[in-house]
Amino acid sequence: MLQDIRDKSQGIVVKIIVGFIVVTFALFGVDALVNSFISSDSVAKVDGVEITRTQMLQGAETQRRQLISMMGGQVNPALLEDNLLQRRALEELVQRVVLANQAKGLGLGVSDAQVDAYLLQAEQFQVDGQFDQNTYLNFIRSLGFTPLAFKERIKQDVLIQQPRNAISGSEFVLPYQVDSVSKLQSQERTYDYVSFSLADESENTSVSDDELKAYYDANKESFKTPEQVKVNYVVISSSDFYSKVNVTDAELQDAYQASISSFVQEERSASHILIDTADRSDKNAESRLEEIQAKLKSGEDFADLAAEYSDDIGSKNDGGNLGYVEKGTIDQAFDDALFSMKKGELKSVKSGFGYHLIKLNDITKPDVPTFASKEAELKQGLLEAKAVDALLTAHEDITDLAYASDKLDFIAKEYGVDVLQSAYFGRDGGSDEVTSNAAVIAAAFGNAVLEDGQNSNLIELNDDQVAVLHLNDHKQEAFQSYEDTKEQVASIVVQNKAVVSLRVKVDAAKSARATEWSSVEGAKRGQDEMTSLAFSLPHPNGDPVIEVKGLSNGDLALIRLNKIDAGSELVSDDQKLVYERYLNQTQASLSTQGQQDFLKNKAEIER
């Protein structure tokens, strides 16, 4: 496809376009041409600052990617609809301009050095505790930013956060507020209740065909087959790039060295006798050492001599045993001596601590896998990583091909994949991995695909798969017949009648002497669903408070709240600190939002 475009770029039309570009450069400069392509009509103006359609669309795309990144396949496709995303993006842009204007009005600023420091310290851009350029670039590319645009975005974020921090930092919580929350949390309630089963009532409820037909006719709008689409699509995976990337021998060797670097190096088990020179002369220490060596030659035990002569209180009573040590963990002179010895050998050396008599007990070497045993695994890992990078690099070309044609054949041919076809699915998605993807659903029901018949934009299914889709067929929502919905209608009507009947019984039970109440004494907040409902009732003022509440399973409960007690449990200081932090964060959030609303209401906004 791209080659066809290049081949056809020699015609008279292209020459005319190039001539126009040259004239534009000559008369107005480069900026005039660039602006002619990127300028967009204004969608809003905030205190004289314009917000363009391009900014709004980019903001919407960023929000879409963030939602998918945070929620994955669990995101509601309705949240990814273009109109909703654009409205939210515009509101966010308006708010950002308002806050940025406030920060500038206060004389605040952010330097490039501050932004650089922030990015270098951000954990999401680090690998093994160090800033990683590739991680950084992949992240901002996934959000649809260029490095320069992302840095400007961060600069504005830091700028507008400064007044927010000032407001949050000025909040404080008084002791009585913490005590009030503590008392509310430790409160206990005594209540009676009667529960009424909806399932049992439904079992004893009958309905006629006339009732069912009447309900269907009155609620016909509720019984529709949902709007559905069938799409053609291509999926391009990182594995499709395996044949287009190579792994060099040097890369394999680097990967091998990195993989074995975590293995423990050679370790040596040693014992020693230390003659400390802090309170004795070198001559005295050497004489003492010679005395020990002489006793060893006469057959005395090293461990016994260590207990008698060694000044290392940490090892003398354990025969001078130092355990296994790696190179570089002790004094350099001691290290050099120990790692030059043979097993069972004795050697004396002077270190910064004094004179040592060292005995090498054992040598262990790690079982490091050979390069040959790891080569295939390392090659596959490098191949997969390079293929993922190649797919990421190809995003722009795939997007161009999708935009340049109203078919998927060109993309399929370019990347050697098949054009696939989905089953029909609605706005709640299909049953397979692709059509259940929220981004795919949003694209399939978006204006470009559904109404304009265009290919979708590139859709990131996961880290190593992307898709482009095209509409195959569209079914509008339609009314279902009464016969098709009769079973569903019957279930609804039976339940509705059962609820009405149940409420009559509940109302009668309020004052009936025969009502059998279950009693709960001193219930604590959140201990079960019935207690949570009891805690939703107002304080009794003399007489008990009686109300009807619905349970999560559809049952009804008649609850009679008799008494409220302050609670006998003492609240710990740690728990009070939790309450204090919660109140502080809540107040800071409310104050910040109030300030933002004030600034927004005060600003001159044109849409």
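Residues numbered from 1 in each chain as written. Predicted model: local features only at pLDDT ≥ 70, side-chain atom pairs only at ≥ 80, totals over all residues. Heavy atoms only, no water.

**Q** I'd like to hear about the overall build of the chain, residue by residue, with values.
**A** From N to C terminus, the chain includes 22 helices and 19 strands. Radius of gyration (C-alpha) of the chain: 38 Å, far over the 25 Å computed for a compact globule of 607 residues. Overall, the C-alpha framework of the chain stretches about 115 × 95 × 60 Å when taken along its three principal axes. Counting only contacts in the chain whose residues sit at least 6 apart along the sequence, the fraction spanning at least 24 positions is 71%. Accessible surface, the chain: about 36,000 Å² in total, of which carbon and sulfur atoms supply 49%. Taken together, the 60 basic and 97 acidic charged side chains of the chain have centroids lying 2 Å from each other. (Helix = DSSP H or I, 4+ residues; strand = E, 2+ residues; numbered from the N terminus. Rg over C-alpha atoms; globule rule 2.2 N^0.38 Å. Contact = heavy atoms within 4.5 Å. Areas by Shrake-Rupley, 256 points an atom, 1.4 Å probe, with all protein chains shown as cover. Lys, Arg positive; Asp, Glu negative; His and termini not counted. Charge placed at Lys NZ, Arg CZ, Asp CG, Glu CD.)

**Q** Could you give an account of a nonpolar patch on the surface, with specific residues and numbers?
**A** Nonpolar side chains collect at one region of the surface, where F172, L174 and Y176 lie side by side and expose about 350 Å² of accessible area between them. Residue position: F172 is located in the loop between α8 (147–169) and α9 (175–185). Judged by its relative accessible area of 56%, F172 is exposed. (Patch = residues over 30% accessible without salt bridge, like charges linked within 9 Å, V, L, I, M, F, W, Y side chains within 5 Å. Salt bridge = Lys/Arg side-chain N within 4 Å of Asp/Glu carboxyl O. Buried < 20%, exposed > 50% of the residue type's maximum accessible area, 1.4 Å probe, protein only.)

**Q** Residue-level account of the packing of aromatic side chains, with values.
**A** Think of a pair of aromatic rings as described by two things: how far the centres are apart, and how the planes are tilted against each other in angle. All told, the structure shown has 13 aromatic pairs when counted by the stated rule. Taken together, the ring pairs connect F125, F131, Y136, F139 and F150 into an aromatic cluster. Positioned over the ring face of Y424 is K475, at 4.0 Å from the centre of the ring. Taking the ring centre of W517 as reference, the NZ or CZ of R560 above it sits at 4.0 Å. (Phe/Tyr/Trp six-rings, centres within 6.5 Å; stacked < 30°, edge-to-face > 60°. Lys NZ or Arg CZ within 6 Å of the ring centre and 35° of its normal.)

**Q** Which residues make up the environment of V449, and what are the values?
**A** Position of V449 relative to the elements: it lies in helix α19 (residues 447–450). Between the C-alpha atom of V449 and that of N472, which follows or precedes it by 23 residues, the distance is 9.7 Å. Residues contacting V449, with those up to four places away along its chain left out, are A443, A444, Q454, N455, S456, L469, H470 and L471.

**Q** Please give an account of the environment of E604 that cites residues and values.
**A** Mapped onto the elements of the fold, E604 is located in the loop between α22 (573–602) and β19 (605–606). Separated by 556 residues in sequence, E604 and G48 place their C-alpha atoms 8.0 Å apart.

**Q** Lay out the side chain of S315 in plain terms, naming residues and giving numbers.
**A** Inspection of the secondary structure assignment puts S315 in the loop between α14 (302–309) and β9 (321–326). A distance of 2.8 Å separates the side chain of S315 from the side chain of D312, its partner in a polar contact. If we skip the residues at most four places from it in the chain, S315 touches H272, G320, N321 and L322. (Polar contact = N/O pair within 3.5 Å; in protein donor to acceptor, adjacent residues only side chain to side chain.)

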